[in-house]
Structures are given as structure tokens and as C-alpha cells.
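# A look at the structure
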Amino acid sequence: MKKTIILFSGDFDKVLAAFIIANGAAAMGDDVTMFFTFWGLNALRKPVGPQHKKSFLQGMFGGMMPRGPQKLGLSKMNFGGMGAKMMRRVMRQQNVTSLEELMREAKDQGIKMIACTMSMDVLGFKEDELIDGLEFAGVATYLGEADESNANLFI
Amino acid sequence: MSVTELSTIQPNKTVDARGTSCPGPILAAKKGIVDVKVGEIMAVLATDSGTKKDLPAWAKKMGHDYLGFIEEQGHFKLFVKRLK
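Please read these numbers as outputs of a predicted model, since none were measured by experiment. (Residues numbered from 1 in each chain as written. Chains lettered and ligands numbered in written order. Predicted model: local features only at pLDDT ≥ 70, side-chain atom pairs only at ≥ 80, totals over all residues. Heavy atoms only, no water.)

## Describing the sheet that holds strand β4 (residues 75-81) of chain B
Sheet strands associate in pairs through backbone hydrogen bonding, adopting either a parallel or an antiparallel arrangement. Residue and element names in this part refer to chain B. With mixed pairing, four strands are arranged side by side in an open sheet as β1-β2-β4-β3. At either end of the open sheet lies a strand with only one pairing partner, and these are β1 (13-17) and β3 (65-72). With direction set aside, neighbouring strand axes in the sheet form an average angle of 20°. In the sheet, β1 pairs with strand β2 (residues 41-46) via five bridges, with the strands oriented parallel. (Pairing = 2+ DSSP bridges. Helix = DSSP H or I, 4+ residues; strand = E, 2+ residues; numbered from the N terminus. Axes fitted to C-alpha atoms, helices over the stretch in contact; angles between N-to-C directions.)

Next comes the structure, spelled out in C-alpha cells:
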């Protein structure tokens, strides 16, 4: 059976949870589709992206929001990024798979990742500013996938 | 299967997922099961205690037979028989 996950949040802990569930489902033989929208798109940003001419506000968004999984903050106790650093350290100590590895694994397992083009327009992200291997689509594509799915998460 | 029965099993393949945590062991199981033939047995070594619940759930979903686990020094050894 298919599983669909909407990743709306760009918080490190929530993105991590989404990728753990997605990878677990794929390992259990499910097709998995992840739909990234709004802040969730930050997890897909390249750390160093190509430069584009953007409007002032979109430039602000782009500059102030985290570029990629390394830069995401915690939803609680982030303390200006210190919390996320500490969380990463504890995860390493406990041998918890890092978010970067989980994202690579997701790709290897053939998890379908769709970036919401409407959110990309709002936040001013161009396709080449996001990691490779994504599909670009809108709500109808997601709903089509959800129709075939027996579990759907909004994270 | 009893612990004594399990400890006599000679698995056709052993997958080492020690040191990995959720979902590492079931990812390892997924990758490993393709290397054993139907009817053969795969052993999974794991340190994450959740694997004792997760691997049977994985096996059930994938249509394989979970045989049980034994504890070895510092890790669990779990057995799955490939059924399809």
C-alpha cells in the first residue's frame, strides 16, 4: 500500500520524524510519496544554491530561512540554533541516523519527493536551488497520490 | 521457536545492523532478504531494542516468517525465514 506524507514544517525534529516514517514504510514494501510545501521546502534547499534575481521580499525569505537539512532548527528549545546543534550531538552519541543520511536513503529507496510549486513561487525558490531528484507539482498531484494511499500524515 | 532451537540455526545470511537505530535494522533486513532464497533463513544482528518488535512487524507485512530472537553478547540476533 501507498503512504503519503505532507511535510509542511521546516523544523529539524519534524523533518527527521517524517523521513524516519517514510524510510520505515519504504523498507516495509510501501510506495511512499512525500509532498513538501511551505517551510518544509527548506529541507530540500541546496546549502549553496545558484543565485537568482529575486524581489526584495523573496530575497529576504531566501536569505533568512535555513538552507538545507544542516541548518534546520528545533521546534522546541532551539535557543537560536544551539539546541539543534546539541540535538545533533546527542543523536550521534546514540547512533541515531542523521537527517542527511535519511534523506539519501529515501532517494535510494525510491521515495517520491514532490515539491509544491506554489510554495516555491511564494518563497522565491527556483528548481535548481533545491536538491536533485525532485518532482515539481501542485495539490492535485498530491491528492491523486493520496487517493491511492491508506495512511496520510501532515507534519 | 525456543531459544535452544534458535541457537542451533545456521542462517544462510547474517545482516549486521548493530549500532544503527530505527529504522536502520529494517532497512538492513530489506536489503539483506534479497540475498537469501525462498525457504532460507536470514539473521539480523541489532542493538536497538525496538527491533524485537519492529522486525516481526516487518516480516509479517512482507510475508516472511519471523522465527524469534536470541540474546548474544551485547546484541540481539533475530531470525527471519524468507517465504516469498
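## Here's the deal with the interface of chain B and chain A
Taken together, the 13 residues of chain B in the interface contact 15 residues of chain A. Between chain B and chain A the total buried area reaches about 1100 Å² when both faces are included, carbon and sulfur atoms providing 57% of it. The largest per-residue losses of area from chain B upon contact with chain A belong to Pro23, Leu27 and Lys61 of chain B, which jointly make up 38% of the total buried on that side. Seen at the junction of chain B and chain A, the total is two salt bridges. With a closest N to O distance of 2.6 Å, Lys61 of chain B and Asp30 of chain A form a salt bridge. One can count five residue pairs in polar contact (both at pLDDT 80 or more) joining chain B with chain A. Elements with a contribution of two residues or more to the side of chain B that touches chain A: α2 (24-33) and α3 (51-62) of chain B. Looking at the side of chain B that touches chain A, its residues break down into seven nonpolar, three polar and three charged. (Contact = heavy atoms within 4.5 Å. Buried area = accessible area lost by both parts, 1.4 Å probe. Salt bridge = Lys/Arg side-chain N within 4 Å of Asp/Glu carboxyl O. Polar contact = N/O pair within 3.5 Å; in protein donor to acceptor, adjacent residues only side chain to side chain. Nonpolar A, V, L, I, M, F, W, Y, C, P; charged D, E, K, R; others polar.)

## Considerations on the layout of surface pockets
There is about 290 Å³ of room inside the largest pocket. The wall of the largest pocket is formed by 19 residues, among which Asn95, Val96, Thr97, Ser98 and Glu101 of chain A lie closest to the centre. Within the residue set of the lining of the largest pocket, elements represented by two or more residues are α3 (82-93) and α4 (99-108) of chain A together with α2 of chain B. The leading source of residues in the lining of the largest pocket is α4 of chain A, at five residues. In terms of residue class, the lining of the largest pocket is built from seven nonpolar, six polar and six charged. Contributing to the lining of the second largest pocket are Ala43, Arg45, Pro47, Pro69, Gln70, Glu100, Met103, Arg104, Lys107 and Ile131 of chain A. (1 Å grid on protein atoms, 1.4 Å probe; cavity = no way out; pocket = protein on both sides within 12 Å on 5 of 7 lines; lining within 4 Å. Points joined across faces, edges and corners; volume = space filled by probe spheres on them.)

## Notes on the nonpolar core
By size, the foremost hydrophobic cluster in this structure holds 34 residues, and its most contacted members are Phe19, Met34, Leu41 and Leu44 of chain A. At the level of secondary structure, the elements contributing two or more residues to this core comprise β1 (2-7), α1 (12-27), β2 (31-36), α3, α4, β3 (112-116) and α5 (117-123) of chain A. Sequence-distant contacts of Leu44 of chain A, defined by excluding residues within four places in its chain, comprise Phe36, Met103, Met113, Ala115, Glu129, Leu130, Ile131 and Leu134 of chain A. Within the second largest apolar cluster, 18 residues are counted, among which are Val15, Ala28, Ala46 and Val80 of chain B. (Core = buried A, V, L, I, M, F, W, Y, C linked by side-chain atoms within 4.5 Å. Buried < 20%, exposed > 50% of the residue type's maximum accessible area, 1.4 Å probe, protein only.)

## Some remarks on the sheet that holds β3 of chain A
Residue and element names in this part refer to chain A. In space, the five strands of this open sheet follow the order β4-β3-β2-β1-β5, with parallel pairing throughout. Two strands close off the open sheet at either side, each with one partner strand: β4 (135-137) and β5 (149-154). Across this sheet, the average inter-strand angle for adjacent strands is 25°, counted without regard to direction. Bridge analysis of β2 against β3 gives four bridges, and the strand direction is parallel. Counted as the bridge partner of Phe35 is Ile114 from β3.

## Looking at empty space enclosed by the protein
Residue and element names in this part refer to chain B. Taken as a whole, this structure holds one cavity of 30 Å³ or more when the rule is applied. In this model, the largest cavity occupies a volume close to 40 Å³. Lining the largest cavity we find Cys22, Pro23, Pro25, Ile26, Asp48, Gly50, Thr51 and Asp54. Secondary structure elements with two or more residues in the lining of the largest cavity: α2 and α3. Counted by class, the lining of the largest cavity contains four nonpolar, two polar and two charged residues.

## With respect to α2 of chain B
An α-helical turn contains 3.6 residues, so a residue and the one three or four places further along point in the same direction. α2 of chain B sits mainly inside the fold: eight of its ten residues count as buried. Among all positions of α2 of chain B, only Gly24, Pro25, Ile26, Leu27, Ala28, Ala29, Gly32 and Ile33 of chain B are buried. Against α1 and α4 of chain A together with β1, β2, α3 and β4 of chain B lie the buried residues of α2 of chain B.

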